[in-house]
Amino acid sequence: AQSVTQLGSHVSVSEGALVLLRCNYSSSVPPYLFWYVQYPNQGLQLLLKYTSAATLVKGINGFEAEFKKSETSFHLTKPSAHMSDAAEYFCAVSLFGNEKLTFGTGTRLTIIP
Amino acid sequence: GAVVSQHPSWVICKSGTSVKIECRSLDFQATTMFWYRQFPKQSLMLMATSNEGSKATYEQGVEKDKFLINHASLTLSTLTVTSAHPEDSSFYICSARDRGRAGNSYNEQFFGPGTRLTVL
């Protein structure tokens, strides 16, 4: 079975500062990993995904994440936070051949003006 | 491309009534759709996996007689909350997997905007 752990249910950063949202996974086989963003009262939008190709994955809105097998991590970063980045972020994992996505508990990102 | 819609976006109903939520893939064929439930400030919990033309597969603890799922076509799945009660109030989100999309062997799902159900 696979799982993800998101450290920090709330993260606050100043506008223009580095954004770092943490995600660690547990999987018995190489996983597929995803980051989704959710704005209030909306569904989820895919930010980026890791599918066993390049370990550094670039996504939309300036976000990127690096798959580190040795650390079982897939942390999400953005060099400079923007006010519009304020949202809920979910890390998710699935396995090849298994369609189910398992989500982390989410991290609420707040941007301080 | 890969747009998923849900209808209604919000619904308020009286306790004991049934509510149907529709999930449509607008520009692709979705042989598999998923239904999630999200409580306030919590993560998404998978309720069931819906395959076109067959019975849905429910996750452990989800009452299949209460949450009826129908996936009658490649672009439409419906979730009916039967005899709704206040504890069924939640945000319901569907997603769809586009098997026909080139390179989608990695299980990417496209999510609808969600339906907020409030049961009085």
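Reading the values: rules and limits
- Residues numbered from 1 in each chain as written.
- Chains lettered and ligands numbered in written order.
- Predicted model: local features only at pLDDT ≥ 70, side-chain atom pairs only at ≥ 80, totals over all residues.
- Heavy atoms only, no water.
- Helix = DSSP H or I, 4+ residues; strand = E, 2+ residues; numbered from the N terminus.
- Buried < 20%, exposed > 50% of the residue type's maximum accessible area, 1.4 Å probe, protein only.
- Contact = heavy atoms within 4.5 Å.
- Pairing = 2+ DSSP bridges.
- Salt bridge = Lys/Arg side-chain N within 4 Å of Asp/Glu carboxyl O.
- 1 Å grid on protein atoms, 1.4 Å probe; cavity = no way out; pocket = protein on both sides within 12 Å on 5 of 7 lines; lining within 4 Å.
- Points joined across faces, edges and corners; volume = space filled by probe spheres on them.
- Nonpolar A, V, L, I, M, F, W, Y, C, P; charged D, E, K, R; others polar.

J.: Help me understand the environment of A:Gly43, please; the structure alone is not making it clear to me.
T.: Counting through the fold element by element, A:Gly43 comes out in the loop between strand S5 (31-38) and strand S6 (44-50). For A:Gly43, a relative accessible area of 11% puts it in the buried group. Note: C-alpha distance between A:Gly43 and A:Leu101 (58 residues apart in sequence) is 15 Å. The contacts of A:Gly43, once residues within four sequence positions are left out, are A:Val37, A:Gln38, B:Gly112 and B:Pro113.

J.: Help me understand the pairing of strand S5 (residues 44-51) of chain B, please; the structure alone is not making it clear to me.
T.: It is a general feature of regular strands that their side chains alternate between the two faces of the sheet. Residues and elements named next belong to chain B. Here S5 lies mainly inside the structure; 6 of its 8 residues are buried. Relative to S5, strand S4 (residues 32-38) runs antiparallel, the two being bridged by 7 bridges. Residue pairing in the sheet places Arg37 in a bridge with Met45 of S5. Where S4 hands over to S5, the hairpin turn is made up of 5 residues, of which Lys41 adopts a positive phi near 60°.

J.: Looking at this structure, how should I read the pattern of salt bridges?
T.: One side chain can pair with another of opposite charge once the charged atoms of both are near each other. Residue and element names in this part refer to chain B. Taken as a whole, this structure holds 6 salt bridges over all chains when the rule is applied. Put simply, Glu22 and Arg24 hold a salt bridge, and the shortest N to O gap is 3.5 Å. The class for Glu22 is partly exposed, based on a relative accessible area of 24%. A salt bridge links Lys66 to Asp88; the shortest N-O distance between them is 2.9 Å. Residue Lys66 is located in the loop between strand S6 (57-58) and strand S7 (67-73), and its partner Asp88 is located in the loop between strand S8 (76-81) and strand S9 (90-97); the two are separated by 22 residues in the primary sequence.

J.: Help me understand the layout of surface pockets, please; the structure alone is not making it clear to me.
T.: Vacant regions in the atomic arrangement are exposed by a probe of water-molecule size rolled over the atoms. Taken as a whole, the largest pocket spans an internal volume of roughly 440 Å³. Lining the largest pocket are 19 residues, and of these B:Met45, B:Leu46, B:Met47, B:Glu59 and B:Gln60 lie nearest its centre. Every element with two or more residues in the lining of the largest pocket is listed here: strand S11 (98-103) of chain A together with S5 of chain B. Broken down by element, the lining of the largest pocket gets its largest block of residues, 5 residues, from S11(A). Residue classes in the lining of the largest pocket are distributed as 10 nonpolar, 5 polar and 4 charged.

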